[in-house]
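What follows is each chain in one-letter form.
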Amino acid sequence: MAKVVSLDNLLASVAARRSEAAPWLGALIDAASEKFAHVGLPNRRIEAWRYSDLAKALHETVKVESDLDAPPALAEACVAAFENGVLDDSKSSYCAMGAQSLRKVLAEKDSPFAGIIGRINPQADHPIINLNTALMEEGLVLHVPKGVTLATPLHLRFNWSGVDAASADGRHLRILVVLDEDAEATLFESHDGAPSFATVVTELSLAPNSKLTHVRLENFAAAARQTAATVGSVGEKAAYRGFYFSQGGHFARHEALMKLAGEEADARIDAAYMVADKRHCDNTTVMDHAVPNTTSTQVFRGVLAGSSRGVYQGCVKVAQAAQKTDARQLSRAMLLSHRAEIVTKPELEIFADDVKCSHGATAGELDANALFFLRARGIPEAEARAMLVEAFLIEAMDTVENEAMRAIVIACAHTWMLRHAGEASHVE
Amino acid sequence: MLEIKDLHVNVFGKEILKGLSLTVPPGEVHAIMGPNGAGKSTTSYTLAGRAGYEVTGGEIDFYGEDVTALSPEERAAKGIFLAFQYPMEIPGVSTMNFLKTAMNAQAKLRNEPELDAAQFLRTVRAAAKELNISEDMLKRPLNVGFSGGEKKRNETLQMALLKPRLAILDEMDSGLDIDALKLVAEGVNKLRAPDRSFLVITHYQRLLDYIVPDVIHILSGGKIVMSGDKSLALQLEENGYDAVINKAA
């Protein structure tokens with residue numbers, strides 16, 4: 001039985017880590033742990049965590065299923081395999097593309113990444129990122145030099161095959177990806193199984209003219225508790241293309257915190273989430289437009305069954321100098337049951353006067369007319385429901401350009417639909 | 001053979017059909033005409049098995065079997081086809097994929113072998129060509145961006161492919177100009193067969209110039225008040241529903 005994650009345990013672990021850290025890392029840990037100790041584990045009294053109470057979720061007992069889905073295998077990728085939060089070199093091939101383990105980087109007295117880790121679009125008051133900085137141990141660092149395009153994707157494969165009894169304070173993983181000018185890379189991040197408590201922070205630095213494609217797949221078991229953040233800075237004429245798929249977990253949150261830091265920077269996120277039973281799935285975004293002429297687009301589509309809860313919090317910030325910002329945001333949710341719930345919270349903080357910012361949110365049921373139409377043509381109800389759910393999500397999944405990744409995403413969606421789309425609901 | 005016997009139907013707790021009786025033998029085309037609110041759409045939805053159309057009395061016998069307790073998909077597999085007044089637009093489902101799913105689902109429910117991919121393509125292309133439906137339309141999402149005429153041709157295509165024993169055409173002419181109407185009616189007429197009957201539901205006589213019925217029934221106040229041959233439609237056109245119905249009563 002794993003010990004309950006508590007603030008005291010966490011701070012004791014931080015102190016132990018601090019005593020062994022190199023000076024540059026020690027300074028980072030000190031700043032982060034001081035802030036973290038002040039706030040503690042986030043609960044619903046903190047506005048940004050109002051609909052996702054992590055402190056409460058960590059006190060609830062969860063039951064880990066015995067047969068967990070195997071993590072996806074992406075052909076022709078370099079793999080960094082994390083088994084229960086530990087990088088497993090015997091299953092990995094990341095060295096081939098010049099990546100190195102975070103553990104190695106943190107142990108260095110004077111790392112070239114010392115000035116970068118924790119300093120990309122810094123989030124000084126973020127409780128989880130601070131916790132992660134104070135306790136990060138495992139992870140990966142990838143640097144793509146100027147003008148280089150990585151031909152193969154990097155597959156960050158996180159697999160949690162059982163309760164991590166050895167760790168009373170969870171596992172805190174850190175990924176750092178630095179793209180120099182004109183560099184291009186593709187990240188495929190998959191999360192499977194049931195972490196008892198994990199935080200994953202992915203820091204992305206996109207220099208001018210670089211391009212990063214980032215496909216995230218959360219294919220958790222029901223008992224999973226994870227909160228993750230993708231923190232990025234997008235430079236001049238650089239592009240971030242994110243696709244996020246999630247089927248939630250006991251507690252599953254992902255935040256995309258992107259700073260549009262150079263002119264003509266562009267960030268686009270398409271997302272599909274499918275949540276059933278009593279699962280929770282939180283998508284939180286902050287698009288921070290810091291300079292003129294930048295664009296951001298987010299389209300989130302969710303399907304919620306059972307008594308699940310979905311959360312979408314989308315914040316767009318436009319600095320006073322950031323004229324000609326074009327920011328779009330759309331959240332669409334389909335509720336398959338009366339007990340399912342979606343919370344949508346758009347936030348716009350606009351200090352410039354010549355901008356285009358749009359936001360929209362819809363929540364609806366499966367279209368009863370369309371369902372009857374399909375059934376009247378002889379298509380059985382469960383199959384007709386699955387067709388309509390797929391039709392609703394396919395636009396998002398079609399944005400995944402890499403065929404092998406798209407096939408994996410669509411296969412996950414199909415599995416979900418076989419299990420849940422035909423469930424009885426209130427649609428007559 | 002469709003035999004509706006003393007059918008009573010409630011919609012949202014209100015009785016709409018109040019003792020409808022009607023028999024359509026194989027191979028015949030029957031028309032149901034009636035003023036607004038008579039229960040025409042209720043009749044078509046009830047026959048197709050839509051939820052919310054509650055049968056409180058009577059029977060719908062289809063080739064000797066009462067189908068009132070069957071789901072829409074089971075009725076479809078028995079050979080009941082409803083051509084919708086307003087066909088649904090379904091973004092995200094390609095017309096081709098929809099046709100294939102529907103044909104295979106019906107084959108499965110009837111314990112018949114599914115078509116292989118090549119057979120399916122050949123069958124659909126041939127039927128589509130007859131109805132002047134382009135390859136491009138088949139690739140597009142179901143009915144999305146289709147004109148009124150294209151939607152009705154698409155309904156006719158589904159009818160041709162699914163080969164029902166009873167086709168119910170619900171206000172087939174709504175939203176069609178005269179050229180589109182002719183094209184759709186031509187498609188329907190080609191499907192007339194000794195083992196297939198049609199129930200044409202319409203407000204206007206116009207459609208019946210092109211799809212000529214064997215029998216016309218007038219529906220009013222939830223039941224059939226009058227039946228006759230095609231000349232009945234002309235009487236209605238000349239004198240209006242009120243005069244004809246009052247004369248009958």
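Note that the structure is predicted; figures quoted are calculated from it, not measured. (Residues numbered from 1 in each chain as written. Chains lettered and ligands numbered in written order. Predicted model: local features only at pLDDT ≥ 70, side-chain atom pairs only at ≥ 80, totals over all residues. Heavy atoms only, no water.)

Describing the packing of helix 3 (residues 95-109) of chain B against helix 4 (residues 117-130) of chain B
Residues and elements named next belong to chain B. Relative orientation of the contacting elements helix 3 and helix 4 amounts to 115 degrees, with a least axis distance of 11 Å. Considering the angle they form, helix 3 stands roughly perpendicular to helix 4. You can see that helix 3 and helix 4 cross each other, and the crossing is right-handed. Between helix 3 and helix 4, the contacting residues are Met96, Leu99, Lys100 and Met103 on the first element and Phe120, Leu121 and Val124 on the second. Here the residues of the contact of helix 3 with helix 4 sort into six nonpolar, no polar and one charged. (Axes fitted to C-alpha atoms, helices over the stretch in contact; angles between N-to-C directions. Helix = DSSP H or I, 4+ residues; strand = E, 2+ residues; numbered from the N terminus. Parallel < 35°, antiparallel > 145°, perpendicular 65-115°, else oblique. Left-handed = near helix turned anticlockwise from the far one by under 90°. Contact = heavy atoms within 4.5 Å. Nonpolar A, V, L, I, M, F, W, Y, C, P; charged D, E, K, R; others polar.)

Some words on the pattern of salt bridges
One pass over the structure, following the stated rule, counts 33 salt bridges over all chains. Glutamate 203 of chain A is paired through a salt bridge with arginine 174 of chain A; the nearest N and O atoms lie 2.6 Å apart. Of this pair, glutamate 203 of chain A sits in strand 8 (residues 198-206) while arginine 174 of chain A sits in strand 6 (residues 171-179), and the two are 29 residues apart along the sequence. With respect to burial, glutamate 203 of chain A and arginine 174 of chain A carry one shared label: buried. The shortest N-O distance in the salt bridge between lysine 40 of chain B and glutamate 171 of chain B comes to 4.0 Å. Taken together, the residues span a long stretch of sequence, with lysine 40 of chain B in helix 1 (residues 40-48) and glutamate 171 of chain B in the loop between strand 9 (166-170) and helix 7 (178-190) at a distance of 131 residues. A single burial state applies to lysine 40 of chain B and to glutamate 171 of chain B, both of which are buried. Each of the salt bridges in this network shares a partner with another, and the network as a whole consists of Arg375, Glu381 and Arg385 of chain A together with Glu73 of chain B. (Salt bridge = Lys/Arg side-chain N within 4 Å of Asp/Glu carboxyl O. Buried < 20%, exposed > 50% of the residue type's maximum accessible area, 1.4 Å probe, protein only.)

Some words on helix 8 (residues 403-420) of chain A
Residue and element names in this part refer to chain A. Taking 1.5 Å of rise per residue, the 18 residues of helix 8 would be expected to cover 26 Å, and the 25 Å separating its terminal C-alpha atoms lies within 8% of that figure. Lining the buried residues of helix 8 we find strand 7 (184-193), strand 9 (211-220), strand 11 (239-246), strand 13 (266-275), strand 15 (295-304) and helix 7 (381-397). Capping the start of helix 8 is the job of one residue whose side-chain oxygen sits 3.0 Å from the backbone nitrogen of alanine 404: asparagine 402. (Expected span 1.5 Å × (residues − 1). Polar contact = N/O pair within 3.5 Å; in protein donor to acceptor, adjacent residues only side chain to side chain.)

Brief notes about the environment of leucine 418 of chain A
As for its placement among the helices and strands, leucine 418 of chain A is situated in helix 8. With 36 residues separating them in the primary sequence, leucine 418 of chain A and alanine 382 of chain A have C-alpha atoms 8.6 Å apart.

Section: the packing of aromatic side chains
Tallying each qualifying case throughout the model produces eight aromatic pairs over all chains. For the pair phenylalanine 82 of chain A and phenylalanine 158 of chain A, a centre-to-centre distance of 4.8 Å together with 15 degrees between the ring planes defines the contact as stacked. In this pair, phenylalanine 82 of chain A sits in strand 1 (residues 78-83) while phenylalanine 158 of chain A sits in strand 5 (residues 154-160), placing the two residues 76 residues apart along the sequence. Here the aromatic rings of phenylalanine 62 of chain B and tyrosine 63 of chain B are separated by 5.0 Å at their centres, their planes lie at 85 degrees, and the arrangement is edge-to-face. One aromatic cluster in this structure is built from Phe372 and Phe373 of chain A together with Tyr45, Tyr53, Phe84 and Phe98 of chain B. Note that arginine 301 of chain A overlies the ring of phenylalanine 392 of chain A, its terminal NZ or CZ placed 5.7 Å from the centroid. In this structure, arginine 377 of chain A packs its charged tip against the face of phenylalanine 373 of chain A, placed 5.0 Å from the ring centre. (Phe/Tyr/Trp six-rings, centres within 6.5 Å; stacked < 30°, edge-to-face > 60°. Lys NZ or Arg CZ within 6 Å of the ring centre and 35° of its normal.)

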